[in-house]
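Summary of structural features
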Amino acid sequence: MDRVGAVVTRATGVVLSRASVWRLLTGRLGWSLQRPERRAVERDESEIARWIAHEWPRIKKGP
């Protein structure tokens, strides 16, 4: 919120409170609070499936 408020102040010269920034983002712009997914961009689903099918049972069994 503080960073968005700083950008608004720098761009327009208007100082907004945290509540005003929140109303601007959610009410006027339609944004919502979101959390990023904790998943690698390079994720290879086929390699993960192969590992689970072949490597994991071997590791789980032990020596």
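Structural data are supplied above this passage.
Below or above, wherever it landed, is the structure these notes cover. Fair warning: this is a prediction, and the values are worked out from it, not measured in the lab.

Observations concerning the overall build of the chain
In terms of helices and strands, the chain carries 3 helices and 0 strands. Secondary structure elements in the chain, listed N-terminal to C-terminal, are α-α-α. With the principal axes as the frame, the chain shows a C-alpha extent of 65 × 20 × 20 Å. Buried residues in the chain amount to 6% of all 63 residues. Total accessible area on the chain is roughly 6,100 Å²; 57% of this is exposed by carbon and sulfur atoms.

Scoring rules and cut-offs
- Residues numbered from 1 in each chain as written.
- Predicted model: local features only at pLDDT ≥ 70, side-chain atom pairs only at ≥ 80, totals over all residues.
- Heavy atoms only, no water.
- Helix = DSSP H or I, 4+ residues; strand = E, 2+ residues; numbered from the N terminus.
- Buried < 20%, exposed > 50% of the residue type's maximum accessible area, 1.4 Å probe, protein only.
- Areas by Shrake-Rupley, 256 points an atom, 1.4 Å probe, with all protein chains shown as cover.

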